[in-house]
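Descriptive analysis of the structure
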Amino acid sequence: MAMEPNTKAIAVPNGPALGKKVVPGMTKTPQPIVQPKEIAQAAKGDAMRLMVSSPGCAMSTCMRLLLPVERIAVAAALLDHIERLVGSLVDVVDTLVAACHSLGVKIVTEAEVASIEPGFTVTLTDGREWECARLIVATGGLSYPTTGSTGDGLRWAEALGHRIVPTFPSLTALVPRGYKLTEDKDLHIDRSTPLSELGQSLCGVQLKNIQLSLSIEGTETDSEFGDIDFTDGGLEGPVGFQLSRKAVKALVNGSRVCFTLDLKPGVSLTDLTVRVKELWAEIEKDPRSRRVREKERCRILLGKLMPWDLIPGFTATHPEIITLERRGRADTKVWVNLVSIAKALKAWQFEIAGYVGYERAVVTAGGVSTDDFVAKTMESRIVPGLYLCGEVLDIDADTGGYNLQLAFATGALAGLNAAKSLPSVD
Ligand SMILES: Cc1cc2nc3c(=O)[nH]c(=O)nc-3n(C[C@H](O)[C@H](O)[C@H](O)COP(=O)(O)OP(=O)(O)OC[C@H]3O[C@@H](n4cnc5c(N)ncnc54)[C@H](O)[C@@H]3O)c2cc1C
């Protein structure tokens, strides 16, 4: 069917509403990229005959192209101050959706696109068909398939002759060896795999202001300062995510991947060793410690150096911090190795056994090759009139709002240029 005369664009999400991933998923905001004057000028007088298929990109496309300048400013302000609107992200989506409606964008929900043919014919799984002169595919990657992104756009683009850069999950949990009860050769470790005793002791621990370094095949490649979380998935949190892209890529390529956790990045090993010895001396001097066994004293010492809930995992992975010396049949002397404790605090080693896959990865790395698209317009070099934007492309970024930024920026470019390329119709 052709588009109704007063419809300027159609957004075809396969879910019940727009903004499914944006609202529950958005924890960091995109940097504002709106330049209202420029967009208003470009959009002036343009008639739209295009289809779009994504909440993030669709909204950005429609918003950037079709909104009058004052509405763009409002939307930009909303995005800009989104942190203060936590809890009202729905309002942001509603605002954008309402703006799309008011500008003649028809939103057809629960509409799963089955195939696209050059020309363009868009066929839904229920048999409905649309024809359009320009087509923008914004179907996302493979991450969080429950939000509707299942890689359809990748398949369509490949079938139309575009190259696909191999995909892998990024910004995802990394699973330390021994963290889960079962480990096989598969690098993709399902989040629901039960935790081992070690995993249980670490799960729930959040560490702030640590340094995490990534080694690939024994060579340190990256190091990040910040926070990590141990979860039922494995090692996560901003710093874990930040390093996960390189780690997953290396694992997929068959390399050995390790992390070194420095719990005291602000102190040198020498100074830390002195400090550990001082603390130990204080504990030994304390009259309350007299009747306390060596192992318990060690726990008191560790409690002064790390969060209490980290101690079981730390001691389980560092047996060298305590030495047992057998002196007689019934006499065993326990030695607490203070230098070993300091060393372990500065360099806690984790070998990585695998990672949580697309089902809970924040973003998909890889995708449709950007070489096959004109960077300034997002138009395909292979199929004129076809535009791709967002995560379906081989573009991904660090945490910090940059993935949404990419979706919005490329969505705006695709929309602007698809509209510009059409003859003006009033
Ligand atoms: C839990 C989570 C947290 C995140 N946090 C952040 C963050 O803090 N900051 C940040 O920058 N990024 C974050 N992201 C990433 C960001 O949400 C995505 O990169 C961005 O939404 C990609 O936008 P997109 O429009 O390309 O694709 P998507 O937002 O994935 O949209 C694609 C849409 O296309 C639709 N679709 C797919 N196939 C079809 C089909 N066959 N027919 C019809 N419709 C179809 C789907 O319904 C899907 O909703 C997060 C992602 C997740 C999952």
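Presented here is a report on the structure given in the accompanying data block. Small disclaimer: the values here were computed from a predicted structure and weren't measured.

1. Some remarks on the overall build of the protein
Tallying secondary structure elements over the protein gives 13 helices and 18 strands in all. The 426 residues of the protein split such that 42% are buried. Intrachain contacts of the protein at a sequence separation of at least 6 include 73% that bridge at least 24 residues.

2. A short note on the packing of helix 9 (residues 269-285) against helix 12 (residues 338-346)
For the pair helix 9 and helix 12, interaxial distance at closest approach is 9 Å and the crossing angle is 130°. As the angle between them shows, helix 9 and helix 12 are arranged oblique. Between helix 9 and helix 12 lies a crossing of right-handed hand. Contact with helix 9, carried on its side by L269, L272, T273, V276, K277 and W280, involves L338, V339, I341, A342, K343, L345 and K346 of helix 12 and no other residues of that element.

3. Topic: unusual backbone geometry
Between G119 and F120 the backbone carries a cis peptide bond, its omega angle lying at 5°. By the element assignment, F120 lies in the loop between strand 4 (113-117) and strand 5 (121-124). For E217, which is not glycine, the phi dihedral falls at a positive 50°. Of note, E217 is situated in the loop between strand 10 (206-216) and strand 11 (219-230). In this model, M378 sits at a positive phi of 70°, which is unusual for a non-glycine residue. Its place among the elements puts M378 in the loop between strand 17 (363-368) and strand 18 (386-388). The exposure class assigned to M378 is buried, which follows from the 27 C-beta atoms found within 10 Å.

4. With respect to the pairing of strand 4
Both strand 4 and strand 5 contribute to a ladder of 4 bridges, which runs antiparallel. Following the sheet pairing, S115 is matched in strand 5 by T123. Count of turn residues in the strand 4/strand 5 antiparallel hairpin: 3 residues, of which G119 carries a positive phi of about 140°.

5. Quick look at the sheet that holds strand 6 (residues 129-131)
With antiparallel pairing, 3 strands are arranged side by side in an open sheet as 4-5-6. Because the sheet does not close on itself, it has two edges, and the strands there are strand 4 and strand 6. In this sheet, neighbouring strand axes are inclined to one another by 15° on average, regardless of whether the strands run parallel or antiparallel. The pairing of strand 5 with strand 6 spans 3 bridges and is classified as antiparallel. When the sheet's bridge partners are listed, T123 is paired in strand 6 with E129.

6. A closer look at helix 6 (residues 152-159)
Those residues of helix 6 that fall on the buried side of the exposure criterion are D152, G153, L154, W156 and A157. One or two residues past the end of helix 6 sits G161, with phi positive at roughly 100°.

Conventions used here
- Residues numbered from 1 in each chain as written.
- Predicted model: local features only at pLDDT ≥ 70, side-chain atom pairs only at ≥ 80, totals over all residues.
- Helix = DSSP H or I, 4+ residues; strand = E, 2+ residues; numbered from the N terminus.
- Buried ≥ 20, exposed ≤ 12 C-beta atoms within 10 Å, placed from the backbone.
- Contact = placed C-beta atoms within 7 Å.
- Axes fitted to C-alpha atoms, helices over the stretch in contact; angles between N-to-C directions.
- Parallel < 35°, antiparallel > 145°, perpendicular 65-115°, else oblique.
- Left-handed = near helix turned anticlockwise from the far one by under 90°.
- Pairing = 2+ DSSP bridges.

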